[in-house]
Amino acid sequence: MKKQWLQTTPVVWAGALLCCGLWGSAFPCVKIGYELFGIQSAGSASLILFAGCRFLLAGLQAVGLRSLLQRRLMVPKPQNWGLVVRLCLAQTVSQYLFFYIGLANTTGVKSSILNGMGVFFSLLVAGLWFRSETLTANKLAGCAVGFLGVLAVNLTGQGLDFSFTLTGEGFILLSSLCSAVAASLVGRYSQREDPVVLSGWQFIVGGAIMIVCGFLAGGRLMQVSLVGIAMLFYLSLISSLAFSVWGILLKYNPVSRVTIFGFMRPVFGVILSGLLLAEGSQAFTFRNLAALVLVCAGILLVNRPAHAKA
């Protein structure tokens with residue numbers, strides 16, 4: 001009954017949109033967090049330390065709530081600790097190492113649109129690497145259209161914007177690729193371990209690794225305030241709630257059915273970045289609207305049912 005309920009369209013839609021809305025809000029909120037804690041974009045060690053604090057707190061939230069509901073400390077099965085480590089390296093450490101450094105070196109609006117490529121990366125990784133999805137002509141066409149959306153966000157009045165940098169836009173794309181690998185791993189690993197426990201403990205392990213690395217590299221949180229702590233708590237809540245729900249959906253549904261909603265991340269991200277970061281002049285432009293339309297069109301192509309043969 002639980003499995004059937006979690007496979008219904010209203011539940012999948014509501015759960016996936018909740019996750020994407022939370023993730024979309026992360027783009028502007030992370031940049032605001034940098035300001036509240038006095039973190040400069042050039043201070044990579046401090047960025048890593050900040051991210052580690054967020055994810056360690058997120059893991060404690062997820063595991064703590066799950067343990068409270070089950071009335072016992074929830075830990076992975078002994079044989080599944082390897083899954084936790086592999087997932088945390090792909091998701092928390094690699095994905096967010098690229099994400100935090102990349103976001104510090106580009107705008108929230110641009111980051112959110114580039115991050116939409118994660119949907120297409122997920123389909124390619126699932127089809128070519130994990131062999132859990134079948135790549136069709138519609139899916140390949142959708143990936144091409146989605147890539148046009150990425151190009152559109154880099155267009156200026158003079159043509160293509162060659163200000164693209166490895167540590168900015170490049171790292172955001174690498175973060176999306178790591179996210180795609182993590183999505184397939186979550187779908188596979190959650191068949192052997194509780195998805196909330198898996199998500200929570202990989203955040204704890206990954207967050208601890210990032211805190212140690214960031215601190216040893218000289219990272220510091222220069223300013224600490226109640227507002228900053230509140231923002232850090234919200235960012236950790238984004239991760240603990242969104243990744244737990246996302247993991248549950250991936251456990252009971254095909255990867256493509258869930259990751260299709262990833263196109264809403266840039267939609268939410270662009271709108272919220274424009275409102276919260278005073279990037280309205282960049283957010284609400286015809287070029288970015290065209291980019292979002294192309295991303296959405298690519299998603300629809302990817303999931304368009306193939307015509308039945310006569």
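Residues numbered from 1 in each chain as written. Predicted model: local features only at pLDDT ≥ 70, side-chain atom pairs only at ≥ 80, totals over all residues. Heavy atoms only, no water.

Engineer: Explain unusual backbone geometry to me, please; I cannot follow it from the model alone.
Structural biologist: Leaving glycine out, the prevailing phi sign among residues is negative, and the prevailing peptide bond configuration is trans. Phi at Arg71 takes a positive value of approximately 60°, unusual for a residue other than glycine. The exposed category is assigned to Arg71, whose relative accessible area is 79%. (Buried < 20%, exposed > 50% of the residue type's maximum accessible area, 1.4 Å probe, protein only.)

Engineer: Just checking my understanding: could you explain the confidence of the model for the protein for this structure?
Structural biologist: Low pLDDT means the predicted atomic positions in that stretch should not be read closely. On average, residues of the protein score 82 in pLDDT, and 87% of them reach the 70 mark or higher. Looking across the protein, the model is least confident in strand S2 (residues 159-160), with a mean pLDDT of 46, and most confident in helix H9 (residues 195-216), with 92. (pLDDT = per-residue confidence, 0-100. Helix = DSSP H or I, 4+ residues; strand = E, 2+ residues; numbered from the N terminus.)

Engineer: Would you take a moment to explain the environment of Gly52 for this structure?
Structural biologist: Tracing the chain through its elements places Gly52 in helix H3 (residues 44-70). Look at Gly52 and you get buried, because its relative accessible area is 0%. Measuring from C-alpha to C-alpha, the distance between Gly52 and Gly214 comes to 8.0 Å, with 162 residues separating the pair along the chain. Contact partners of Gly52, with chain neighbours within four places excluded, come to Gly207, Met210 and Ile211. (Contact = heavy atoms within 4.5 Å.)

Engineer: Help me understand a nonpolar patch on the surface in this model?
Structural biologist: On the surface, a cluster of nonpolar side chains totalling about 330 Å² of accessible area is made up of Leu18, Phe233, Leu237 and Leu241. With respect to the helices and strands, the residue Phe233 is situated in helix H10 (residues 226-252). (Patch = residues over 30% accessible without salt bridge, like charges linked within 9 Å, V, L, I, M, F, W, Y side chains within 5 Å. Areas by Shrake-Rupley, 256 points an atom, 1.4 Å probe, with all protein chains shown as cover. Salt bridge = Lys/Arg side-chain N within 4 Å of Asp/Glu carboxyl O.)

Engineer: Help me understand the packing of helix H4 (residues 81-104) against helix H8 (residues 166-189), please; the structure alone is not making it clear to me.
Structural biologist: Axes are the key here: two packed helices are described by the angle between their axes and the distance separating the axes. At a minimum axis distance of 7 Å, the contact between H4 and H8 shows a crossing angle of 160°. Taken together, the axis directions place H4 and H8 in an arrangement best described as roughly antiparallel. The way H4 lies across H8 gives a crossing that is left-handed. Together, Leu83, Arg86, Leu87, Ala90, Gln91, Ser94, Gln95, Phe98, Phe99, Ile101, Gly102 and Leu103 of H4 and Thr167, Gly168, Phe171, Ile172, Leu174, Ser175, Cys178, Ser179, Ala182, Leu185, Val186 and Tyr189 of H8 make up the contact between the two elements. Class assignment for the residues of the contact of H4 with H8 results in 15 nonpolar, eight polar and one charged. (Axes fitted to C-alpha atoms, helices over the stretch in contact; angles between N-to-C directions. Parallel < 35°, antiparallel > 145°, perpendicular 65-115°, else oblique. Left-handed = near helix turned anticlockwise from the far one by under 90°. Nonpolar A, V, L, I, M, F, W, Y, C, P; charged D, E, K, R; others polar.)

Engineer: Honestly, the packing of helix H6 (residues 117-129) against H8 in this entry has me stumped. Any pointers?
Structural biologist: Two elements in contact, H6 and H8, have axes whose closest approach is 8 Å; the angle formed by their N-to-C orientations is 50°. What the angle tells us is that H6 and H8 run oblique. You can see that H6 and H8 cross each other, and the crossing is right-handed. The segment H6 lies against H8, with Met117, Gly118, Phe121, Ser122, Val125, Ala126 and Trp129 engaging Leu173, Ser176, Leu177, Ala180, Val181, Ala183 and Ser184. Of the residues in the contact of H6 with H8, the class split is 10 nonpolar, four polar and no charged.

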